[in-house]
Structure formats: structure tokens, C-alpha cells
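The lines below spell out each chain.
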Amino acid sequence: MRNMTQEEKTKIEERIVDVLKTVYDPEIPVNIYDLGMIYKIDLNDDGTLNVDMTFTAPSCPAADYILEDVRSKLDSVDGVKTANVNLVFEPAWDQSMMSEEARVELGFE
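Structural notes, computed from the coordinates. Predicted, not measured: the structure shown is a model, and the values here were computed from it.

Comments concerning the sheet that holds strand E2 (residues 48-53)
Reading across the sheet, the three strands line up as E1-E2-E3 and stay open at both edges, with mixed pairing between neighbours. Of all the strands in the sheet, the pair left with one neighbour each is strand E1 (38-43) and strand E3 (82-87). Within this sheet the neighbouring strands show an average axis-to-axis angle of 15°, counted without direction. With six bridges connecting them, E2 and E3 associate as parallel partners. Paired with threonine 48 across the two strands is threonine 82, which belongs to E3.

Topic: the pairing of E1
In terms of strand pairing, E1 meets E2 through five bridges, oriented antiparallel. Bridging across to E2, lysine 40 finds its partner in aspartate 52.

Describing helix H2 (residues 63-75)
An ideal rise of 1.5 Å per residue puts 18 Å on 13 residues; H2 measures up with 18 Å between its terminal C-alpha atoms. Taken residue by residue, H2 has Ala63, Ile66, Leu67, Asp69, Val70 and Leu74 as its buried positions. Summarising the axial view, the buried residues of H2 lie within an arc of 160°, below the 170-degree limit, and thus occupy one face. Exposed side chains of H2 directed beyond 90 degrees from the buried face belong to Asp64 and Tyr65. Tucked inside the fold, the buried residues of H2 contact helix H1 (6-20), E2 and E3.

Cut-offs and rules
Per chain, residues are indexed from 1 in the order of the written sequence. Local features are withheld for residues below a pLDDT of 70 in this predicted model, meaning they are given only at 70 or higher, and side-chain atom pairs are given and counted only at 80 or more; totals for whole chains, interfaces and linings count all residues. The basis for every side-chain value is the complete set of heavy atoms in the structure, and neither hydrogens nor water enter the calculation. One bridge is not enough; two strands pair if DSSP finds at least two bridges between them. Helix and strand definitions follow DSSP, with helices as H or I runs of at least four residues and strands as E runs of at least two, each counted in order from the N terminus. Lines fitted to C-alpha atoms define the axes, with helix axes restricted to the stretch in contact, and inter-axis angles between N-to-C directions lie between 0 and 180 degrees. One fewer than the residue count of a helix, multiplied by 1.5 Å, yields its expected span. Burial here depends on accessible area, computed with a 1.4 Å probe over protein chains only, as a share of the maximum for the residue type. Under 20% is buried, over 50% is exposed, and the range in between is partly exposed. The directions considered for the arc run from the helix axis to the C-beta atoms. Two residues qualify as a contact provided that any one of their heavy atoms is within 4.5 Å of a heavy atom in the partner residue.

That is the geometry; function is a separate question.
This is the structure we're talking about:
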């Protein structure tokens, strides 16, 4: 299999972000990407995707549901061969990681 061009990689990464923006914590009306819960998106040339994500709280009741949603959606992105989703709690999530839109939406601004 040949390596991806930077252009192909960028297009796939844009689709990854679009897909992540369709994942919601059931308790929060803002998607996980704008909440700042995605720490890293690392797409290798061979189509292996490594994503580091966190939750707003380690005890998030919907954690399994969200994780499964993220995995299945990333696996369906054209160009992604394998999606590895790593759950991390360092650095701890806080409100400063949200996009401005998310803060406005949730009334923090």
C-alpha cells in the first residue's frame, strides 16, 4: 500500500473532525469536539488513526456510550483503516478547552 499524500491526509483529518462533531454527551447540547474532549488526532500514512480523548468527568455516566459512538464513527471514515481511541485524563479537562461557540452555547461567556 502506498503512503498518503499530505493532501489526502488533510482531507481525511477534516472528515474525522466532521464525524467527531456528530458525537454528543447526552447530558450536554454541544458536541465532544467543540467541548475540547479530543486531545489528539494522529493519522498515520497507513491509515491507522490514534485519537486521545477525555471526558468532562472521569465518572461520566455516558462514557461507554460516547466511546463506542466515537469508535464506530471513526471506523466508518473513508481512509481510516484502524481507529484506536485512547482514553486519557491528563491533562484534566476544564472549561477553557471548549471552543468559544461551546462556551456561548452553554452560557459560560
